[in-house]
Amino acid sequence: MIKALTTINWLIIGVLYVVLAIEPVSIQAQFVLGSTAILGMALIRTLRLTGPWRNVFLALGTAVVLRYFYWRTTSTLPPVSDTLNFVCGLTLWIAEMYSAIMLAISLFVIADPLERKPARRLSYDEMPTVDVFVPTYNEDHDLLAITLAAATRLEYPADKLRVHLLDDGGTDQKCNSDNAASARVAKARRADLMDLAADMGVTYHTRAKNLHAKAGNMNSALANTNGELIVVFDADHVPMPDFLLETVGHFRTDPRLFLCQSPHFFANPDPLENNLQTYTSMPSENEMFYGVIQKGLDKWNAAFFCGSAAVLRRAALEEVGGFSGISITEDCETALDLHSRGWNSIYVDKPMISGLQPETFASFIGQRSRWCRGMFQIFLLKNPAFKRGLSVAQKICYLSNMSYWFFPIFRLPFLIAPLLYIWFSMQIYVANTREFFAYTMLYMAANMMMQNYLYGKVRWPWVSELYEYVQSIYLVQGLFSVILNPRKPTFNVTDKGLTLDKDHLSELAMPYFVIFGIVVASGLWALLRLFTEPNANELLIVVSGWNFFNLLLSGAALGVVSERKTNRTPIKRVAELAVGTAIVPVLIIDVSTGGCRVEVEEGLIPRHLQKGAAGILDVPLRKEGTGTQTLPVELIRRGVEDGESYYEFEFKNLRADNYRLLVDLMYAGSDGLEAFRSKRRRQKSIFGGIFGFFRWGLTEPVRGFRVMHGHIQEVRLAKAKLAASLAAITQSSAEPGVEPSGSANAPPLAKAS
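Residues numbered from 1 in each chain as written. Predicted model: local features only at pLDDT ≥ 70, side-chain atom pairs only at ≥ 80, totals over all residues. Heavy atoms only, no water.

### With respect to the environment of Asp 192
Stage number 1. Position of Asp 192 relative to the elements: it lies in helix 7 (residues 180-200).
Stage number 2. For Asp 192, a relative accessible area of 30% gives the class partly exposed.
Stage number 3. Separated by 193 residues in the primary sequence, Asp 192 and Ala 385 have C-alpha atoms spaced 47 Å apart.
Stage number 4. Here the side chain of Asp 192 touches His 141 through a polar contact of 2.8 Å, side chain to side chain. (Helix = DSSP H or I, 4+ residues; strand = E, 2+ residues; numbered from the N terminus. Buried < 20%, exposed > 50% of the residue type's maximum accessible area, 1.4 Å probe, protein only. Polar contact = N/O pair within 3.5 Å; in protein donor to acceptor, adjacent residues only side chain to side chain.)

### Some words on helix 14 (residues 361-381)
Helical geometry note: an α-helix holds 3.6 residues per turn, so side chains three or four residues apart project in the same direction.
Stage number 1. Between its first and last C-alpha atoms helix 14 spans 30 Å; for 21 residues at 1.5 Å apiece the expected length is 30 Å, and the two agree.
Stage number 2. Counting buried residues in helix 14 gives 15 out of 21 residues, a clear majority hidden from the surface. (Expected span 1.5 Å × (residues − 1).)

### Structural notes on the sheet that holds strand 3 (residues 203-205)
Stage number 1. Spatially, the 7 strands line up as an open sheet ordered 3-2-1-4-8-6-9, and their pairing is mixed. The open sheet terminates on both sides in strands that have one partner only, identified here as strand 3 and strand 9 (344-347). On average, adjacent strands in this sheet sit at an angle of 20° to one another, irrespective of strand direction.
Stage number 2. For strand 4 (residues 229-232) and strand 8 (residues 310-313), the ladder comprises 4 bridges, and the chain directions are antiparallel. Looking at strand 8, one finds that Val 232 is bridged to Ala 310. (Pairing = 2+ DSSP bridges. Axes fitted to C-alpha atoms, helices over the stretch in contact; angles between N-to-C directions.)

### Things to note about a nonpolar patch on the surface
Stage number 1. A cluster of nonpolar side chains, namely Val 520, Leu 524, Leu 527, Leu 530, Phe 531 and Ile 541, defines an oily patch on the protein surface of about 600 Å² accessible area.
Stage number 2. Per-element accounting of the nonpolar patch gives the leading share, 5 residues, to helix 19 (residues 510-532).
Stage number 3. Note on placement: Leu 530 falls in helix 19.
Stage number 4. Taking the relative accessible area as the measure of exposure, Leu 530 reaches 31% and is therefore partly exposed. (Patch = residues over 30% accessible without salt bridge, like charges linked within 9 Å, V, L, I, M, F, W, Y side chains within 5 Å. Areas by Shrake-Rupley, 256 points an atom, 1.4 Å probe, with all protein chains shown as cover. Salt bridge = Lys/Arg side-chain N within 4 Å of Asp/Glu carboxyl O.)

### Overview of the state of the cysteines
Stage number 1. This structure, assessed with the given rule, holds 0 disulfides.
Stage number 2. Not engaged in a disulfide, the cysteine Cys 306 finds its nearest cysteine sulfur in Cys 332; these two sulfurs lie 8.4 Å apart. (Disulfide = S-S within 2.5 Å.)

### Some details on the nonpolar core
Stage number 1. One finds Phe 361, Leu 466, Tyr 469 and Tyr 512 to be the most contacted residues of the largest nonpolar core, which totals 126 residues.
Stage number 2. Contacts of Tyr 469, omitting those with residues within four sequence positions, involve Arg 411, Leu 415, Tyr 512, Ile 515, Leu 553, Ser 554 and Ala 557.
Stage number 3. Counting residues in hydrophobic clusters, the runner-up holds 76 residues, among them Ala 151, Val 348, Val 586 and Tyr 647. (Core = buried A, V, L, I, M, F, W, Y, C linked by side-chain atoms within 4.5 Å. Contact = heavy atoms within 4.5 Å.)

### Here's the deal with the pattern of salt bridges
Stage number 1. For the coordinates displayed, the defined rule picks out 37 salt bridges.
Stage number 2. Across the salt bridge formed by Glu 319 and Arg 341, the nearest N and O atoms sit 3.5 Å from each other. Here Glu 319, found in helix 12 (residues 314-319), pairs with Arg 341, found in the loop between helix 13 (330-339) and strand 9; they are 22 residues apart in sequence, far enough to count as distant.
Stage number 3. Across the salt bridge formed by Arg 677 and Glu 674, the nearest N and O atoms sit 2.9 Å from each other. Taken as a pair, Arg 677 and Glu 674 lie in helix 22 (residues 670-680) at a separation of 3 residues, close to a single helical turn.

Okay, structure coming up:
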């Protein structure tokens, strides 16, 4: 009864709130009301008021937003009789409504984020048996070896832990392919990974056919294992030793728990972080999801499976026939099916895996395209709104996760709208300057303040807009492909572990340069109109400002698609190097799965050593009292940097113990991951974020065009070399006694041409 009365009271308050928010007032009164609300929000932030003041802050901001959208809906649309303007204006209005709905849903989801207590530590008898799945398709040998080495070092009773390598690149189907070359590659991969598994002490699995991609691969292993719990690590997700200790205890507390999900932490920057050089200072893109949203979802029992770094209960999976595989995002789909069966999930906000993000912009877009299309597939084929067994809150949470990925469709109108007015004087947004400042500017200020208040430590101002813009150009195609055929998209593995040894232009860069050029031309044309048209509408000033924002956005994007070279993981570990006849102390300053760089005092290593000289690196282990381990190395280059002599080595013929040493070298444990994550969670003020965005928008185009110029020069040089080679071949073939280029004895280049 009390709960019902409380709900009714909140409904009454909500209705009164909406009525007040849509009450018609003059422009002057609207400006005073909006400014007062924003001043109140600023005071709450400045005084750092907490508790109920959080709700007051959000209520003030929401009031400003509601007043804007009421005015926007009732006063700014073109008349229906003006068909072209009305259709374009309605399209822009729909895009804005999408943003408003997403804001409302996000406020609901994160209204009261859940902070979970650590898992209860279990005695030996309480500990369940665990199967660790590491699914793979085409990932690199060394990448897999590092993940398997870390999985075998998990702190857990050895007789209750089994690690499984699930190889979908060496299936019977692939080994028996009609394509002889593909079959050879598959057979070689199977043999290589079987040897790796045996060396690591893990179980190798493959299957007959590649059905249902990653979900099918894991379901095949599910049928051939028997652990009570299943742990999933992607091939590039290296677990920290305490992963199981921090998760499995929750399954003994709740017998209906099907999932314990932990955050994904990445040891390398994504293309935006790398190319704009923000990796060590700005929160990662996924921090907003894992740092705030997942905790909000957890409050509503809607935290979902993210494909890796998770523990699942076998009994729950078997109840729904295993991992779901209708869509290409099997993780969210599986969680949706299990939540609808009454199973529970939790989220543990502690980074305990270190993964790899796509290094190139093209692979980044490929990964996001799969996520986008997969979520849209689930929306169309298993819409949560109609899914029986879900609570209303769970339906809203799942719809929030899926509808977010509609942003490519709704982002583009904001780019196109100002161009229509600047070039064609299409008035699709009916307002004057006074109304714009009283409603639109105050709405934008309130919206930014709420975003900064809720997500300030995990997302800087306007960074979301940049991420969405650079993805929208290509992801919108994927969304329309799903609309045409919801079951057509197929699972594509994201390329990771790539190394960029120099700055270069992404192969996907051209549309961003074209758009930047159009926006620049539009800005110049708008300025010309302002100075040459005596009767230029004051709205042109507003639209020019809008276009300037798009100029900054598209300019920053040129920096994102102008890729910088990537670097190894920086570390500082003392070691001893035995190379040639010398045994010398060194400092390891960076490391990767392929090699390392060390600093050494000048003269300690003989100068006569040549490239290819073999050596041994003896490294003390991180944990005291555990001795040292060795790495076989081969010299590839030497040099001087910042006055220090360095030597670069390549690792050779690594075995299981060597890979375990690399894990010790490259990863500092979950405490180290948490420390790095906390270091990047710096609150950025709105003005600081705007300043940084302006800097990107104005400076990155310069770098982008410089990289493009270098790219053009490289293409010209390559064409010139090819032309010279062809000319030489043509001349030699014309000489007496020289066979034509198509003959069996012709030079290889001639045959290729």
